[in-house]
Amino acid sequence: MDRPQRKNVRLKCFDYNTPGYYFITICTEEKRKLLCEIVGTGILDGPQTRFTKYGIVAQEQLEFMSDFYDDVKIDKYVVMPNHIHLLVRIIGTELDKTPDRNQMNNRISSFVGTFKRFCNRKYGRNIWQSRSHDHVVRGQNDYQEIWAYIDNNPAKWAEDRFYVQ
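Here we summarise the structure given alongside this text. (Residues numbered from 1 in each chain as written. Predicted model: local features only at pLDDT ≥ 70, side-chain atom pairs only at ≥ 80, totals over all residues. Heavy atoms only, no water.)

## Some remarks on the overall build of the chain
Right, on to step 1. Helix and strand counts for the chain come out as three helices and six strands.
Right, on to step 2. For the chain, the succession of helices and strands along the chain, N to C, is β-β-β-α-β-β-α-β-α.
Right, on to step 3. Evaluated residue by residue, the chain yields a buried proportion of 41% over its 165 residues.
Right, on to step 4. Summing over all exposed atoms, the chain offers an accessible surface of approximately 10,200 Å²; the carbon and sulfur share of this is 49%. (Helix = DSSP H or I, 4+ residues; strand = E, 2+ residues; numbered from the N terminus. Buried < 20%, exposed > 50% of the residue type's maximum accessible area, 1.4 Å probe, protein only. Areas by Shrake-Rupley, 256 points an atom, 1.4 Å probe, with all protein chains shown as cover.)

Shown next as structure tokens:
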């Protein structure tokens, strides 16, 4: 079966190996609610995530990823029922001085692919969409807005663009 041609949504002429901050969203296949459920909606029992076995593995692998990569660190993340948001930081290395790197083989793609592989190995199957979404963080205000978005995502689950019944 021929797959439709996908539009490249990445920032043109930007090297995704560049040190800086990136906001990444990774969705489950067909946006299935496999990772957790959002519980508690009252004032005293603010929204919490109750992880499934898949969510537990995803959280463990996220914690492991900063140790696995010397040059990519997770500043903040949230595991939602059918997706994960990450605020990651690429730290400068000797690679930054190499003039002719293949832009498609970049740290962000490598990081996301490795995370999915580690999870899938534990799951015994693939649960992730083939692609992920990334956004280059453009300054302190953008960073703070993304930080707040991640913090508030469970409370706003019903309004989330990835929300499904």
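## Remarks on helix α2 (residues 107-123)
Right, on to step 1. Spanning 17 residues, α2 covers 24 Å between terminal C-alpha atoms, matching the ideal 24 Å at 1.5 Å per step.
Right, on to step 2. Packed against the buried residues of α2 are β1 (20-28), α1 (53-68), β4 (72-79), β5 (83-90) and β6 (128-136).
Right, on to step 3. At the exit of α2 stands glycine 124, carrying a positive phi of roughly 85°. (Expected span 1.5 Å × (residues − 1). Contact = heavy atoms within 4.5 Å.)

## Here we look at the environment of methionine 80
Right, on to step 1. Relative to the elements of secondary structure, methionine 80 occurs in the loop between β4 and β5.
Right, on to step 2. Among the residues examined, methionine 80 registers a relative accessible area of 0% and is labelled buried.
Right, on to step 3. Between the C-alpha atom of methionine 80 and that of phenylalanine 162, which follows or precedes it by 82 residues, the distance is 9.4 Å.
Right, on to step 4. When neighbours within four sequence positions are excluded, methionine 80 is seen to be in contact with Leu35, Cys36, Ile38, Asn153, Pro154 and Trp157.

## Things to note about the sheet that holds β1
Right, on to step 1. Read from one edge of the open sheet, four strands run β4-β5-β1-β6, paired in antiparallel fashion. One side of each edge strand has no neighbouring strand; the edge strands of this open sheet are β4 and β6. When the angles between neighbouring strand axes are averaged without regard to direction, this sheet yields 20°.
Right, on to step 2. Pairing of β4 with β5 involves seven bridges; the strand directions are antiparallel. Residue pairing across strands places valine 79 opposite isoleucine 84, the latter belonging to β5.
Right, on to step 3. Packing against the sheet, α1 makes contact with β4 and β5, and its axis sits at approximately 165° to β4.
Right, on to step 4. Taken strand by strand, α2 contacts β1, β4, β5 and β6, and its axis lies near 145° from that of β6. (Pairing = 2+ DSSP bridges. Axes fitted to C-alpha atoms, helices over the stretch in contact; angles between N-to-C directions.)

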